[in-house]
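Notes for the structure review
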Amino acid sequence: MRLGWSDGNNEAWAYSDVDDGASMGLSVSGDIWKRPNDTYGLAGAVNALSRVHQQFFEDGGTGILAGDGALSYGLEKAMETYYSFQVWKSLRLTADYQFVIDPAFNRARGPVSVLGGRIHWDF
């Protein structure tokens, strides 16, 4: 679980333009379904901008990932789920799905689905 807050008066140089955020997630070991080296995960997040930051984007400002001068503000809401499974002792594959509502705090955008995959190989 993670909570964050900023007054919006300072420009962030982090992963995104978020002033207020809350996220929570869990991962479950595959022991339950007799695959001890597998993992299932589920997480959700809600992010917000301060009024100062909203005005900045409405006036045409841009940030690290947001801003096109046409902000129709809404909370950014995201959900992610993944399944990581062991193929061999040294090889793991992960399938990932993310669903984002009002991406970049803009109700005029999205929702958007993002599919991903990862390969982890120890050698």
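For the structure, check the block above.
Residues numbered from 1 in each chain as written. Predicted model: local features only at pLDDT ≥ 70, side-chain atom pairs only at ≥ 80, totals over all residues. Heavy atoms only, no water.

For the rest of this paragraph, the subject is the overall build of the chain. Looking only at helices and strands, the chain features 1 helix and 6 strands. For 123 residues, the compact-globule estimate of 2.2 N^0.38 gives 14 Å, and the C-alpha radius of gyration of the chain, at 18 Å, exceeds that figure by more than 25%. Each principal axis of the C-alpha distribution contributes one length, and for the chain these read about 55 × 25 × 25 Å. In the chain, which comprises 123 residues, the proportion classed as buried is 26%. Put simply, 54% of the contacts in the chain that link residues at least 6 apart link residues at least 24 apart. (Helix = DSSP H or I, 4+ residues; strand = E, 2+ residues; numbered from the N terminus. Rg over C-alpha atoms; globule rule 2.2 N^0.38 Å. Buried < 20%, exposed > 50% of the residue type's maximum accessible area, 1.4 Å probe, protein only. Contact = heavy atoms within 4.5 Å.)

Looking now at the side chain of glutamine 54. Note on placement: glutamine 54 falls in helix α1 (residues 51-58). Relative accessible area serves as the criterion here: at 11%, glutamine 54 is assigned to the buried category. Among the polar contacts listed, one links the side chain of glutamine 54 to the backbone oxygen of leucine 49, at a separation of 3.2 Å. Polar side-chain contacts of glutamine 54 include one of 2.9 Å to the side chain of arginine 51. If we ignore the near neighbours within four places in the chain, the residues touching glutamine 54 are Leu49, Leu71 and Tyr73. (Polar contact = N/O pair within 3.5 Å; in protein donor to acceptor, adjacent residues only side chain to side chain.)

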